[in-house]
Amino acid sequence: MTYFPEEVVEHIVDFLGSHGDRNAVSTVCKAWYQVDRLSRRSVFVGNCYAIRPERVVTRFPEMKSLTVKGKPHFADFNLVPYDWGGFAQPWIEAAARGCPGLEELRLKRMVVTDDDLELLARSFPNFKSLVLVSCEGFSTDGLAAIATYCRGLRELDLQENEVEDHGRQWLSCFPDSCTSLVSLNFACLKGEVNASALERLVARCPNLKGLKLNHSISVESLNKILARAPHLVDLGTGSFTIDNRSETYHRLINAFFKCKSLRSLSGFWDASPFCLQAVYPICTNLTVLNLSYAPAIQSADLTKLIGLCFKLQKLWVLDCIGDKGLVVVASTCKELQELRVFPSDIYGTGITAVTEEGLVAISSGCPNLNSLLYFCYQMTNSALTTVAKNCPHFTRFRLCILEPEKPDPVTNQPLDEGFGAIVRSCKNLRRLSVSGLLTDQVFLYIGMYAEHLEMLSIAFAGDSDKGMVYVLNGCKNLRKLEIRDCPFGDAALLKDVAKYETMRSLWMSSCDVTLGGCKALAAKMPRLNVEIINENDGTSESKENLSDLQKVEKMYFYRTVAGPRNDAPDFVWTL
Amino acid sequence: MEEEFRGGRPQLFDFITNGRDWSDKGGYGAAEEKNLELRLGLPGGEDWSAVQEKREHPAESAVSPGHIAKIPKSTNLSASSGAKRGCSDAVESKPEGTLADKTTFQQRHLQQQQLGFLQLQAKGKESLHRTSGSAGLQSLEGKVCGPHAAHASSTKNTTATHSTSQSRAAAAPVVGWPPIRSFRKNLAGTAKASAESPNRRSDAEKKLENDRKGLFVKINMDGIPIGRKVDLKAYDSYEKLSLAVDELFRGLLMAAQMDPLAATTQSTKETHVIPGLLDRSGEYTLVYEDDEGDKMLVGDVPWDMFVSTAKRLRVLKSSDLCASSLTGRNQEEDKRLLNWESCRSALAFPTRLLRYVFGLKRLRQTLVLLSFPARRNSGTTKSNTASIYVTKMEGYQSSPAANGSMHETFQFHKQPAGS
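What counts, and at which threshold
- Residues numbered from 1 in each chain as written.
- Chains lettered and ligands numbered in written order.
- Predicted model: local features only at pLDDT ≥ 70, side-chain atom pairs only at ≥ 80, totals over all residues.
- Heavy atoms only, no water.
- Helix = DSSP H or I, 4+ residues; strand = E, 2+ residues; numbered from the N terminus.
- Buried < 20%, exposed > 50% of the residue type's maximum accessible area, 1.4 Å probe, protein only.
- Contact = heavy atoms within 4.5 Å.
- Areas by Shrake-Rupley, 256 points an atom, 1.4 Å probe, with all protein chains shown as cover.
- Phe/Tyr/Trp six-rings, centres within 6.5 Å; stacked < 30°, edge-to-face > 60°.
- Lys NZ or Arg CZ within 6 Å of the ring centre and 35° of its normal.
- pLDDT = per-residue confidence, 0-100.
- Axes fitted to C-alpha atoms, helices over the stretch in contact; angles between N-to-C directions.
- Parallel < 35°, antiparallel > 145°, perpendicular 65-115°, else oblique.
- Left-handed = near helix turned anticlockwise from the far one by under 90°.
- Pairing = 2+ DSSP bridges.
- Patch = residues over 30% accessible without salt bridge, like charges linked within 9 Å, V, L, I, M, F, W, Y side chains within 5 Å.
- Salt bridge = Lys/Arg side-chain N within 4 Å of Asp/Glu carboxyl O.
- Lys, Arg positive; Asp, Glu negative; His and termini not counted.
- Charge placed at Lys NZ, Arg CZ, Asp CG, Glu CD.
- Nonpolar A, V, L, I, M, F, W, Y, C, P; charged D, E, K, R; others polar.
- Polar contact = N/O pair within 3.5 Å; in protein donor to acceptor, adjacent residues only side chain to side chain.
- Right-handed = clockwise from strand over helix to strand, strands pointing away.
- Core = buried A, V, L, I, M, F, W, Y, C linked by side-chain atoms within 4.5 Å.

Engineer: Would you explain the overall build of chain B in this entry?
Structural biologist: When its secondary structure is counted, chain B shows 14 helices and eight strands. Within the span of chain B, comprising 419 residues, buried residues form 45% of the whole. Considering only contacts in chain B between residues 6 or more positions apart, those separated by 24 or more positions represent 65%. Surface accessibility of chain B: about 20,900 Å² in total, with carbon and sulfur atoms responsible for 55%.

Below is the structure:
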């Protein structure tokens with residue numbers, strides 16, 4: 001192998017797309033490490049604290065695309081304090097110094113400031129694509145900097161970020177010479193946006209394929225935009241409420257009619273049922289439909305719309321669609337691959353919500369389903385078994401029964417058997433979230449059968465340490481484990497500590513792990529950062545006063561070669 | 001308040017510092033919890049379910065940031081919340097030591113919350129933070145749903161205390177549950193609000209900026225002594241209003257017409273008794289009085305504008321209608337209406353301006369021309385001018401001050417972009 005000229009190796013390695021394969025190549029020998037290192041264009045860092053930014057930039061000087069993820073997943077549900085960390089600044093600074101050819105940056109759950117965005121905009125002359133998912137810490141001023149200084153920007157994609165509104169003029173900062181936009185998504189912005197500047201921008205970007213508006217954009221504006229960009233493939237509407245029978249409405253219908261390339265629709269902020277009809281002309285072409293921001297639309301109107309979408313592959317809805325609506329989905333959308341049903345009425349009595357029947361209907365109608373996120377009020381073992389039989393191709397299966405620890409209402413049994421059926425049947429399952437009443441048995445099943453499982457989320461489940469041990473022993477490919485409110489303690493935590501270096505991270509909150517256990521773990525595994533998040537009281541109590549027997553409220557540890565981090569706030573202790 | 005609970009306070013304080021050994025928590029035995037509940041019992045032996053209800057209710061109230069606690073303060077509050085029934089201030093503390101006799105998860109969760117790591121009392125930044133989700137939930141609930149939701153949840157709690165089986169305990173404040181993003185929780189609140197008040201429409205007409213309460217205006221009909229009231233917000237078009245007016249006065253008209261025969265046969269009638277209200281073709285005509293006291297024909301202006309300016313309605317006999325019943329206005333008033341402030345936003349959207357101008361009185365009798373300069377540089381700071389020509393047609397009553405010219409010119413300068 002060492003006689004192989006490097007150019008040939010490089011050529012072969014170029015065909016390897018996945019990061020895992022590339023990483024494997026780099027461990028073969030020094031020569032191959034070098035080849036990979038100099039030819040790697042796309043770098044993925046799953047945990048921003050696992051490695052120092054400088055090391056990444058030094059190792060991959062030719063990288064064009066960098067993806068970095070910050071906070072743990074449970075930060076989405078307010079379980080991680082605001083200033084825990086995950087700062088983008090060191091990454092952008094390091095890249096600015098060592099890798100000025102960077103073209104694409106994707107950040108998820110990180111803290112990005114306006115200064116960071118300005119540095120980014122000024123440092124990379126070829127910068128093309130910025131994707132921020134679930135980030136926070138910046139305002140529209142930062143976006144203005146991006147718009148102003150990134151010549152040739154192709155993609156600005158803001159997904160579900162917390163953006164402070166400092167005015168609407170950021171969009172006007174795109175210079176007249178900017179004609180390269182392919183994708184623009186500002187749906188998460190809360191404030192007003194300069195609509196006429198947007199219309200002009202759309203008019204001068206002939207390659208625009210994706211556009212997602214925020215709710216400040218009126219239908220009149222949407223009409224003008226669609227008139228200028230009928231070649232859009234992915235559209236997120238702005239505000240979607242119009243007067244009955246007004247001229248605007250008729251223009252909207254015509255505009256949609258001309259959008260022959262439209263494949264993906266989302267938005268529908270404040271949509272009223274009447275307005276949905278404007279979309280009927282293009283339903284038959286849709287492959288992606290996201291109606292999960294439109295709580296005013298009830299089942300009947302939803303099903304009228306979805307009943308036309310024969311080619312739908314991805315559907316996000318609210319649970320007001322009801323079981324009956326899901327039956328319509330099942331009979332119409334034969335090519336459905338991903339379904340997400342979000343709760344719309346988490347305070348109420350859930351009369352119109354979905355139950356296990358809807359899921360069974362979907363599974364029998366849509367055998368290609370491979371990704372599911374389903375919020376419901378009840379689930380039965382038999383339903384899960386049926387679903388497992390009907391849909392063996394699940395790669396992501398997330399079921400959330402809204403009432404924790406709820407058993408099967410028919411048999412009053414825990415849902416162990418149902419989830420067991422899922423993991424037995426779905427050999428390619430990579431991600432699983434369980435809920436309802438569950439004992440250690442379900443974890444035995446998961447450990448036994450879920451060979452390819454990479455991410456597992458557990459809440460209010462299990463009886464004893466055995467549950468956690470089953471999972472850690474069994475799931476060879478486990479990368480992320482997140483647990484809350486389960487009776488797992490030190491014994492489970494310390495059973496097989498070597499396992500943790502094969503995983504990216506582990507989160508445990510409101511469990512039975514004690515400070516002493518965490519200290520023991522930290523002592524045994526120097527290459528793990530074991531963080532205790534303690535928000536109560538950082539100042540008056542010092543560490544020494546605490547008993548090792550005291551339970552830890554939130555523990556998060558992750559493997560790292562960077563050592564303990566230096567940007568941890570006071571309430572985060574790295575042991 | 002404090003004196004009342006002198007006895008109670010030490011009890012709670014003892015509980016927190018001595019504490020049971022929480023680490024030997026086996027199952028979620030209700031017996032254990034009952035034990036603790038008893039210990040928390042307040043002096044005076046209050047009814048337990050009542051205490052529970054209160055304990056759960058405060059759990060639902062927003063935790064105010066002012067309660068970064070010292071022990072005495074928090075125990076004081078919880079004591080006060082315990083003893084005072086219906087003391088439903090938002091300032092109530094979390095139910096530290098509350099052991100709801102509900103589903104076990106919540107018991108466990110609350111226990112954990114109290115005696116987790118470094119938790120001397122349930123207050124503190126952590127609990128604030130941890131309940132920020134639920135507080136956010138709760139404040140939203142308070143905001144959007146008002147008393148309804150609070151009542152619903154408290155009744156839920158009451159029923160839950162009586163039944164240990166499944167209840168909507170998910171609505172109780174478990175931090176980070178259900179696992180959905182915050183903005184989706186806000187959407188859920190919106191859904192509840194719209195479900196509760198189906199007559200509300202979402203406010204899309206930003207330029208009018210009406211507040212969407214019911215708008216009741218008096219309506220009188222010629223020949224009928226009794227006036228009625230109609231809610232303009234309940235309708236979204238002139239057709240519907242006309243129908244409603246018809247229904248409203250149909251019976252009265254019948255009675256007034258004193259035709260006994262007609263009265264007995266009218267029940268199956270489906271056509272309008274009062275046809276042509278809007279198109280001035282029938283016997284009666286609908287007019288309205290606006291906020292400046294002028295009488296106008298209903299139907300001229302866009303619906304929303306009508307709703308925002310109408311103060312009173314009248315159903316007149318069409319024969320009574322004449323040009324003189326509509327008041328004249330002078331040039332100066334028209335000019336005032338077309339001042340820059342009103343029209344600034346309109347210039348960006350010419351159609352809007354037209355609608356606004358058509359809202360001027362008697363515009364059936366005038367013709368509006370709008371002209372813009374030949375080119376309009378986008379994004380530059382050149383000022384834009386627009387000329388609006390308002391031409392009077394026959395029948396327009398002008399004041400003597402007008403010099404008889406057929407049109408007036410109004411010039412406006414657009415502000416530079418970005419200012």
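Once you've had a look at it, read on.
Engineer: Explain the packing of aromatic side chains to me, please; I cannot follow it from the model alone.
Structural biologist: The relation between two aromatic rings is expressed through the spacing of the ring centres and the mutual angle of the planes. A full pass over the atoms with the stated rule returns 23 aromatic pairs over all chains. A ring pair is formed by Phe-240 of chain A and Phe-268 of chain A, whose centres lie 5.1 Å apart and whose planes are at 85°; its orientation type is edge-to-face. Here the residue Phe-240 of chain A occupies a position in the loop between strand 10 (234–236) and helix 10 (247–258), and Phe-268 of chain A occupies one in the loop between strand 11 (264–266) and helix 11 (273–276), the gap between them amounting to 28 residues. A relative accessible area of 0% places Phe-240 of chain A in the buried class. Cluster of aromatic residues (ring-pair linked, three or more members): Tyr-49, Phe-74, Phe-77, Trp-84, Trp-507, Tyr-556 and Tyr-558 of chain A. The ring of Tyr-149 of chain A has Arg-122 of chain A lying over it, and the distance from NZ or CZ to the ring centre is 4.0 Å. When the ring centre of Phe-342 of chain A is taken as origin, the NZ or CZ atom of Arg-184 of chain B, which lies over that ring, is 3.6 Å away.

Engineer: Just checking my understanding: could you explain the confidence of the model for chain B for this structure?
Structural biologist: Residues and elements named next belong to chain B. Taken as a whole, chain B shows an average pLDDT of 50; of its residues, 21% reach a score of 70 or greater. For the stretch residues 109–171, pLDDT sits under 50, and the model shows 165 contacts to residues farther than four places along the chain or on other chains. The low-confidence segment residues 323–419, where pLDDT is below 50, has 143 contacts with residues more than four positions distant or belonging to other chains. Model confidence for the complex is summarised by a pTM of 0.63, with the ipTM given as 0.85.

Engineer: What should I look at first to understand the packing of helix 1 (residues 6–14) of chain A against helix 3 (residues 30–39) of chain A in this one?
Structural biologist: Any two packed helices are characterised by the angle at which their axes cross and by the distance between the axes. Residue and element names in this part refer to chain A. Contact geometry of helix 1 with helix 3 gives a least axis separation of 10 Å together with a crossing angle of 60°. Viewed along their axes, helix 1 and helix 3 adopt a mutual orientation that is oblique. Crossing hand, helix 1 versus helix 3: right-handed. Residues Glu-6, Val-9, Glu-10, Val-13 and Asp-14 of helix 1 pack against Ala-31, Trp-32, Val-35 and Ser-39 of helix 3.

Engineer: Teacher, can you tell me more about helix 16 (residues 416–425) of chain A here?
Structural biologist: Owing to its 3.6 residues per turn, the α-helix brings residues three or four apart onto one side. Residues and elements named next belong to chain A. Across the 10 residues that make up helix 16, a large majority, seven, are buried. Buried within helix 16 we find Asp-416, Gly-418, Phe-419, Gly-420, Ala-421, Ile-422 and Val-423. Where helix 16 is buried, its residues touch helix 15 (381–390), strand 16 (396–401), strand 17 (431–433) and helix 17 (440–449).

Engineer: Could you clarify how one ought to interpret the sheet that holds strand 3 (residues 284–290) of chain B in this entry?
Structural biologist: All names here are of chain B. With respect to topology, five strands assemble into an open sheet ordered 2-1-5-3-4, the strand pairing being mixed. Across the chains shown, the open sheet's two edge strands, defined by having one partner strand only, are strand 2 (228–231) and strand 4 (295–297). Between one strand and the next, the sheet's axes are offset by a mean angle of 30°, whatever the strand orientation. The pairing of strand 1 (residues 216–221) with strand 2 spans four bridges and is classified as antiparallel. Looking at the pairing, Phe-216 lines up with Asp-231 of strand 2.

Engineer: Help me out: how do you make sense of a nonpolar patch on the surface in this one?
Structural biologist: Taken together, the side chains of Phe-4, Val-8 and Ile-12 of chain A present a nonpolar region at the surface, about 250 Å² in accessible area. Of note, Ile-12 of chain A is situated in helix 1.

Engineer: What exactly am I supposed to notice about a positive patch on the surface here?
Structural biologist: All names here are of chain B. On the surface, Lys-218, Lys-229, Lys-295 and Arg-312 cluster together into a positively charged patch. Structurally, the position occupied by Arg-312 is in strand 5 (residues 310–317). Taking the relative accessible area as the measure of exposure, Arg-312 reaches 32% and is therefore partly exposed.

Engineer: What exactly am I supposed to notice about the packing of helix 17 of chain A against helix 18 (residues 465–474) of chain A here?
Structural biologist: Residues and elements named next belong to chain A. Here helix 17 crosses helix 18 at 5°, and the two axes come no closer than 8 Å. The angle between helix 17 and helix 18 places the two elements in the roughly parallel class. Facing helix 17, whose interface residues are Asp-440, Phe-443, Leu-444, Ile-446 and Gly-447, helix 18 presents Lys-466, Gly-467, Tyr-470, Val-471 and Gly-474. Here the residues of the contact of helix 17 with helix 18 sort into five nonpolar, three polar and two charged.

Engineer: Explain the side chain of Ser-139 of chain A here, please?
Structural biologist: Residue and element names in this part refer to chain A. Relative to the helices and strands, Ser-139 resides in strand 5 (residues 136–139). A polar contact is formed between the side chain of Ser-139 and the side chain of Asp-114, at a distance of 2.6 Å. Reaching out from Ser-139, the side chain makes a polar contact with the backbone nitrogen of Asp-141 at a distance of 3.1 Å. Ignoring any residue separated from it by four or fewer positions in sequence, one finds Ser-139 in contact with Asp-114, Val-163, Glu-164 and His-166.

Engineer: When you look at the pairing of strand 2 (residues 65–69) of chain A in this model, what are you seeing that I'm missing?
Structural biologist: Consecutive side chains along a regular strand alternate between the two faces of the sheet. Residue and element names in this part refer to chain A. Within strand 2, four of the five residues are buried, which leaves the element mostly enclosed by the surrounding structure. Pairing analysis gives four bridges linking strand 1 (residues 42–45) to strand 2, with the strands arranged parallel. Looking at strand 2, one finds that Phe-44 is bridged to Thr-67. For the handedness criterion, the β-α-β arrangement of strand 1, helix 4 (residues 53–59) and strand 2 is classed as right-handed. Sheet analysis places strand 2 next to strand 3 (residues 104–108), joined by five bridges and oriented parallel. Its bridge partner being in strand 3, Leu-66 is matched across the sheet by Leu-105. Between the parallel pair strand 2 and strand 3, the chain is carried across by helix 5 (residues 89–98), and the sense of this crossover is right-handed.

Engineer: Help me understand the nonpolar core, please; the structure alone is not making it clear to me.
Structural biologist: Soluble globular proteins: nonpolar side chains tend toward being buried together. Residues Phe-256, Leu-289, Phe-397, Ile-446 and Tyr-500 of chain A are the most contacted members of the largest nonpolar core, which totals 185 residues. Residues contacting Phe-397 of chain A, with those up to four places away along its chain left out, are Leu-372, Leu-384, Val-387, Phe-419, Ile-422, Leu-429, Arg-431, Leu-432 and Ser-433 of chain A. Of all hydrophobic cores here, the second largest spans 25 residues; its members include Ile-224, Ala-244, Phe-249 and Val-315 of chain B.

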